[in-house]
Amino acid sequence: MTSHGSPSPGTAGKLNDQKDEQKVKTPLATDFYMAYFGEQKSRMNKISIKGRGTSLNPGNRFEKMRVEIDPEWLEQEGLPPAPTTYFIDNSISILSKNDSPDIPFTYSLNPYRGCEHGCIYCYARPTHEYLGWSSGLDFETRILVKPRAPALLERELCKPGWRPQVIMLSGNTDCYQIAERRLCLTRGCLEVLLRYRNPVGIITKNALILRDLDLLQELARLDLVAVTLSITTLDNQLCRKMEPRTSAPEKRLAAIARLAAAGIPAGVNFAPVIPGLNDHEMAAVLAAAAERGATHAGYLLLRLPHAVSELFKNWLAVHYPGRAAKVLHALAGMRQGRLNDPCFGSRMTGEGEHAETIARLFAVCCRKYGLNQHALPLSTGHFRRPQAQTDLFGHT
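Reading the values: rules and limits
Residues numbered from 1 in each chain as written. Predicted model: local features only at pLDDT ≥ 70, side-chain atom pairs only at ≥ 80, totals over all residues. Heavy atoms only, no water. Salt bridge = Lys/Arg side-chain N within 4 Å of Asp/Glu carboxyl O. Helix = DSSP H or I, 4+ residues; strand = E, 2+ residues; numbered from the N terminus. Buried < 20%, exposed > 50% of the residue type's maximum accessible area, 1.4 Å probe, protein only. Core = buried A, V, L, I, M, F, W, Y, C linked by side-chain atoms within 4.5 Å. Contact = heavy atoms within 4.5 Å. Pairing = 2+ DSSP bridges. Right-handed = clockwise from strand over helix to strand, strands pointing away. Axes fitted to C-alpha atoms, helices over the stretch in contact; angles between N-to-C directions. Parallel < 35°, antiparallel > 145°, perpendicular 65-115°, else oblique. Left-handed = near helix turned anticlockwise from the far one by under 90°. Nonpolar A, V, L, I, M, F, W, Y, C, P; charged D, E, K, R; others polar. Phe/Tyr/Trp six-rings, centres within 6.5 Å; stacked < 30°, edge-to-face > 60°. Lys NZ or Arg CZ within 6 Å of the ring centre and 35° of its normal.

### Some points on the pattern of salt bridges
- Under the defined criterion, the tally for this structure stands at 17 salt bridges.
- A salt bridge links Glu154 to Arg195; the nearest nitrogen and oxygen atoms lie 3.0 Å apart. One end of the pair, Glu154, is in helix α5 (residues 149-158); the other, Arg195, is in helix α7 (residues 185-196), with 41 residues separating them in the sequence.
- The class of Glu154 is buried, set by a relative accessible area of 12%.
- For the salt bridge of Arg211 with Asp212, the shortest nitrogen-to-oxygen distance reads 2.9 Å.
- By relative accessible area, which is 28% here, Arg211 ends up partly exposed.
- When its relative accessible area of 0% is taken as the criterion, Asp212 is described as buried.

### Structural notes on the nonpolar core
- Among the nonpolar cores identified, the biggest contains 89 residues, and Leu153, Leu190 and Ile202 are the most heavily contacted of them.
- When neighbours within four sequence positions are excluded, Leu190 is seen to be in contact with Leu169, Tyr176, Val200, Ile202, Asp212, Leu215, Leu216 and Leu219.

### Examining the pairing of strand β13 (residues 296-301)
- Counting buried positions along β13 gives five out of six residues, so the element sits mostly inside the fold.
- Here strand β12 (residues 266-273) pairs with β13 via five bridges, running parallel. Across the sheet, the residue bridging to Asn269 is Gly298, located in β13.
- Crossover connection from β12 via helix α11 (residues 282-291) to parallel β13: handedness right-handed.

### Overview of the packing of α5 against α7
- Orientation of α5 relative to α7, taken along the N-to-C sense of each, is 25°, at an axis distance of 8 Å. As summarised for this structure, α5 and α7 are arranged roughly parallel, according to the angle between their axes. Pair α5 / α7 crosses with right-handed handedness. In this structure, α5 contributes Ala149, Pro150, Leu153, Glu154, Leu157 and Cys158 to the contact, and α7 contributes Leu185, Gly188, Cys189, Val192, Leu193, Arg195 and Tyr196.
- Looking at the contact of α5 with α7 residue by residue, the class counts come to ten nonpolar, one polar and two charged.

### Section: α11
- Residues of α11 that are buried include every one of Met282, Val285, Leu286, Ala288, Ala289 and Ala290, and no others.
- Phi for Gly293, located one or two positions after α11, is positive at around 110°.

### Focus on the packing of aromatic side chains
- Within the structure shown, the criterion is met by seven aromatic pairs.
- Centre to centre, the rings of Tyr299 and Phe362 are 4.9 Å apart; their planes meet at 50°, and the pair counts as tilted. Of this pair, Tyr299 sits in strand β13 while Phe362 sits in helix α15 (residues 353-369), and the two are 63 residues apart along the sequence.
- Counting every residue linked through ring pairs, the aromatic cluster contains Phe312, Trp315 and Tyr320.
- Positioned above the aromatic ring of Tyr123 is the side chain of Arg303, whose terminal nitrogen or guanidinium carbon lies 4.8 Å from the ring centre.

### Side note on the sheet that holds strand β9 (residues 167-169)
- In spatial order, the strands read β5-β6-β9-β10-β11-β12-β13; together these seven strands make up an open sheet with mixed pairing. Two strands lie at the open edges of the sheet, namely β5 (95-97) and β13, each paired on one side alone. This sheet shows a mean twist of 25° between the axes of neighbouring strands, independent of strand direction.
- Most of the contacts of α15 go to β13, to which it runs at about 170°, and overall it touches β12 and β13.

### Quick look at the environment of Ala207
- With respect to the helices, strands and loops of the structure, Ala207 is situated in the loop between β10 (200-204) and α8 (213-221).
- Spatially, the C-alpha atom of Ala207 lies 5.7 Å from that of Ala255, the residues being 48 residues apart in sequence.
- Ignoring anything within four residues of it in the chain, the contact list for Ala207 reads Ser247, Lys251 and Ala255.

### Side note on unusual backbone geometry
- Across the junction of Leu169 and Ser170, the peptide omega takes the value 5°, indicating a cis bond.
- With respect to the element layout, Ser170 can be found in the loop between β9 and α6 (180-183).
- Residues other than glycine seldom take positive phi values, yet Gln336 does so here, at roughly 55°.
- Of note, Gln336 is situated in the loop between α13 (324-333) and α14 (346-349).
- Phi at Asn372 is positive, roughly 60°, even though this residue is not glycine.
- As for its position among the elements, Asn372 is in the segment after α15.
- The exposure class of Asn372 is partly exposed, given its relative accessible area of 36%.

Given below as structure tokens:
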């Protein structure tokens with residue numbers, strides 16, 4: 001691992017100041033530029049990297065400068081390798097607080113920033129821009145890890161002002177992404193939560209969660225945990241293109257079965273719903289999850305904030321060009337003519353007749369397959385503070 005510092009723009013790029021570039025173009029030069037480089041960029045955008053959601057790095061909305069790969073260099077050399085680099089995140093706090101009225105938890109915990117799963121649609125991608133990086137390939141290949149996450153969590157739970165309540169793992173990036181297999185930061189946080197008997201909700205796309213079955217069983221015994229596996233499709237081919245480094249759909253279903261058999265409340269999240277691409281699979285996904293013991297379910301409509309819109313449109317053009325127009329038109333029909341809606345409530349499920357049809361189908365499926373029939377209240381009554389321990393700064 002290397003310490004987190006300023007990201008390097010790379011050596012195979014051309015640094016362009018977009019404003020200055022506009023000043024020096026004559027109309028004729030602009031037409032030539034658009035014709036030639038537009039064609040080159042279009043060809044670049046159709047290149048994919050195996051195991052990655054995107055090969056693009058769109059500009060950072062907070063930066064005036066951006067890096068663009070020279071099309072001529074690309075023609076000669078091809079895309080450079082895209083290995084994952086891990087950086088140490090020395091954050092001094094670990095819990096994120098939100099007061100959004102359409103999110104059912106107040107605190108979330110993210111041991112990682114960025115996500116190697118590479119889901120092309122991930123709404124968390126733009127958070128990487130706060131670090132000076134891009135929502136694109138950077139989000140998948142520049143991962144910040146928080147080695148002090150368990151200790152920071154314990155410090156929070158030790159505070160006299162902490163009121164026991166559900167903490168969400170993760171809420172932003174997947175807490176069981178690839179680095180977790182080796183670093184065990186999520187497991188360390190679960191050990192802390194069990195020690196303090198504080199309830200936790202978990203959502204993931206990775207069957208690695210089964211590694212922590214022992215801790216989850218102990219938490220479940222005290223009504224302290226509920227687990228949700230996010231399943232977007234049962235089509236392995238679509239999964240590999242759309243979320244390339246997640247567990248295969250069948251492995252996620254198998255994880256639900258093992259969790260349920262172990263007495264751990266398990267559910268499914270059909271998210272995101274992408275009209276014209278995977279919406280027809282809702283009933284099949286919910287049925288398959290229920291058959292394996294899932295008791296709760298949810299769904300979310302595709303969200304495309306900031307650069308995610310550009311990334312997703314390019315992904316459609318590369319992998320499903322024949323469906324691209326249909327998908328985008330249907331999505332805009334549920335987003336008041338836009339591809340993203342930031343408004344509370346409607347951002348999750350959309351609006352209009354098509355959105356209402358999806359909501360009705362979800363409700364019918366839940367009744368048919370016995371999902372969401374009983375509330376899953378997690379207990380705060382078992383919370384305790386073990387004997388005082390030395391904190392990160394040597395205090396007791």
